[in-house]
Number of protein chains: 2
Amino acid sequence: MTDWSVCFILSVMTNSKIKKSPRERIIETACDLFYKQGFHATGINQIISESAVAKASFYDHFPSKDELIHDYVFEMSKRDFADFCAEIDEYDTAEERFYGPLHILGPWFIETDYRGCPFQNVVSEIPLKDERILEMIKKHRARERDFFRQLGKEYIDERSELSDVDPDALADMYELLFDGAIANATAYRSMDPVESAIASLKNYLGR
Amino acid sequence: MTDWSVCFILSVMTNSKIKKSPRERIIETACDLFYKQGFHATGINQIISESAVAKASFYDHFPSKDELIHDYVFEMSKRDFADFCAEIDEYDTAEERFYGPLHILGPWFIETDYRGCPFQNVVSEIPLKDERILEMIKKHRARERDFFRQLGKEYIDERSELSDVDPDALADMYELLFDGAIANATAYRSMDPVESAIASLKNYLGR
DNA sequence: GTCTATATTCTGATAGAC
DNA sequence: GTCTATCAGAATATAGAC
């Protein structure tokens, strides 16, 4: 392989993939493809070619394609929280932060070709027997729910007229509205369900 | 073939499959398998053998496996409504009927090995480009939302203290809570999210 | 690179309707 | 007899996993 072809390969790779280890490149590629195409619809050959590793290297790092799904869920959970926290931090008031997770969805739908909640998608593709994956997904959702609870608590504490609102009931409701909004927005390819979720919360909080 | 062997064959077939045409058997089998295993994870050979048709017969009725997904969505939508309507009719009061769709989920989770909303699962497996499927799913959800609206309207009309509740806002909220509850109950394999949805509605309606 | 699985097509045969 | 629907299975091509 000449230097030029190396240059070419590097140039067509996303910046984020340069200099990363084969293992990191594989996981990153798998995340992109699994999310965009789904797990079963993504072949191992595509993962191998797009992550620019040798087939032997792949099977050196992972015993099988199935194992990748664990890393996928783990990685997506990490990303999801990092993204949310970073964006929520931008908001100034407790009210903005409270509605933040829902407001954030809009740009995500437009900028990325959004395909719904990755964890929901995993649950619908894998058999419900894989305890390890289900545990990770449960953990993610529980963390997400706590995140919503925290945002709700801060909002409640700031507003005296909200003092009788139960933060736990609010968090449970938020989680359901949030997931329902994502599911419907994905199917409808419209932000209307997200608007409905916001309206429902405002209604519930009496404002 | 003796009369006895015919008896035997008929007896091992599910009643529902007796006397049905090959086409009907194929669709019925496909519905079962796509729902239980997912679309991509289900091979054409399994569909063919379990529906007891010849391979040529299958391709006589369907140009490809992909086409089956349309009949799958259509059939599941039909079943879904038939099941809901039948069960809701059993309830006596407007209040019971209003919470009926959520209460019904419990037995479904226990009796069938529930794998979440079939339409949600289709959306996560197929590329978002297939307009025909997306249209059917949109139509299903819109009908479902109207169903919730109707139940809400009857409940509101019956109770004077609910007279200021907007049936449309309530229906939007119901749809989101319902879908969120199904998604979470499937992932958690617990009815807690369904209970949360019921609690949220009761809270919202001030009771 | 190898081997398996999958989707699809093709061949030949049977049974009933007209 | 002809036509159509069905069945059984071989043959092919492709894609997949390893």
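Bear in mind the structure is a predicted one, so any value in this text is a computation, not a measurement.

(A) Spotlight on the interface of chain B and chain A. Every contact between the two is made by 39 residues of chain B and, on the other side, 40 residues of chain A. Contact with chain A buries surface across chain B, with Leu176, Tyr188 and Arg189 of chain B losing the most and accounting together for 19% of the total. Across the contact surface, chain B and chain A share 2 salt bridges. Counting residues per element, the ones that place at least two in the side of chain B that touches chain A are helix 7 (118-125), helix 8 (131-158), helix 9 (167-188) and helix 10 (192-204) of chain B. Of all the elements, helix 9 of chain B adds the most residues to the side of chain B that touches chain A, at 14 residues. Looking at side-chain class alone, the side of chain B that touches chain A contains 20 nonpolar, 10 polar and 9 charged residues.

(B) Inspection of helix 2 (residues 22-37) of chain A at higher detail. All names here are of chain A. For helix 2, built from 16 residues, the straight-helix expectation of 22 Å at 1.5 Å per residue is met to within 8% by its first-to-last C-alpha distance of 22 Å. Every buried residue of helix 2 is accounted for by Arg25, Ile26, Ile27, Glu28, Thr29, Ala30, Cys31, Leu33, Phe34 and Tyr35. Those residues of helix 2 that are buried are in contact with helix 3 (44-50), helix 4 (55-61), helix 5 (65-89) and helix 7 (118-125). Directly after helix 2, the chain includes Gly38, whose backbone phi takes a positive value near 95°.

(C) Focus on the protein's contact with DNA strand C. Taken together, Lys55 of chain A together with Thr42, Gly43, Ile44, Asn45, Lys55, Ala56, Tyr59, Ser64 and Lys65 of chain B make up all the residues around DNA strand C. Expressed as a percentage, the sugar and phosphate content of the atoms of DNA strand C within 4 Å of the protein is 53%. Within the side chain of Lys55 of chain A, one N or O atom sits 2.4 Å away from a base oxygen of DNA strand C. Elements with a contribution of two residues or more to the surface near DNA strand C: helix 3 (44-50) and helix 4 (55-61) of chain B. Looking at the surface near DNA strand C, the element that brings in the most residues is helix 4 of chain B, giving 3 residues. Taken together, the residues that form the surface near DNA strand C break down as 3 nonpolar, 4 polar and 3 charged.

(D) Quick look at the protein's contact with DNA strand D. For DNA strand D, the set of nearby residues contains 16 residues, the closest of which are Ile44, Lys55, Tyr59 and Lys65 of chain A together with His61 of chain B. Of all DNA strand D atoms lying within 4 Å of any protein atom, the proportion belonging to sugar or phosphate reaches 49%. For DNA strand D, a base nitrogen lies 2.5 Å from a polar atom in the side chain of Lys55 of chain A. Between DNA strand D and the protein, one listed contact pairs a phosphate oxygen with a side-chain N or O atom of Arg25 of chain B at 3.0 Å. Counting residues per element, the ones that place at least two in the surface near DNA strand D are helix 3 and helix 4 of chain A together with helix 2 (22-37) and helix 4 of chain B. Here the surface near DNA strand D gets 4 residues from one element, more than from any other, and that element is helix 4 of chain B. Looking at side-chain class alone, the surface near DNA strand D contains 7 nonpolar, 5 polar and 4 charged residues.

(E) Structural view of the packing of aromatic side chains. All names here are of chain A. By the definition in use, this model includes 33 aromatic pairs over all chains. Relative to Tyr59, the ring of Phe58 has its centre 4.9 Å away and its plane inclined at 85°; by these criteria the two rings are edge-to-face. On the accessibility criterion, Phe58 (0% relative accessible area) is buried. On the basis of relative accessible area, Tyr59 is assigned to the partly exposed category, the value being 41%.

Rules used throughout
- Residues numbered from 1 in each chain as written.
- Chains lettered and ligands numbered in written order.
- Predicted model: local features only at pLDDT ≥ 70, side-chain atom pairs only at ≥ 80, totals over all residues.
- Heavy atoms only, no water.
- Contact = heavy atoms within 4.5 Å.
- Buried area = accessible area lost by both parts, 1.4 Å probe.
- Salt bridge = Lys/Arg side-chain N within 4 Å of Asp/Glu carboxyl O.
- Helix = DSSP H or I, 4+ residues; strand = E, 2+ residues; numbered from the N terminus.
- Nonpolar A, V, L, I, M, F, W, Y, C, P; charged D, E, K, R; others polar.
- Expected span 1.5 Å × (residues − 1).
- Buried < 20%, exposed > 50% of the residue type's maximum accessible area, 1.4 Å probe, protein only.
- Near = heavy atom within 4 Å.
- Polar contact = N/O pair within 3.5 Å; in protein donor to acceptor, adjacent residues only side chain to side chain.
- Phe/Tyr/Trp six-rings, centres within 6.5 Å; stacked < 30°, edge-to-face > 60°.

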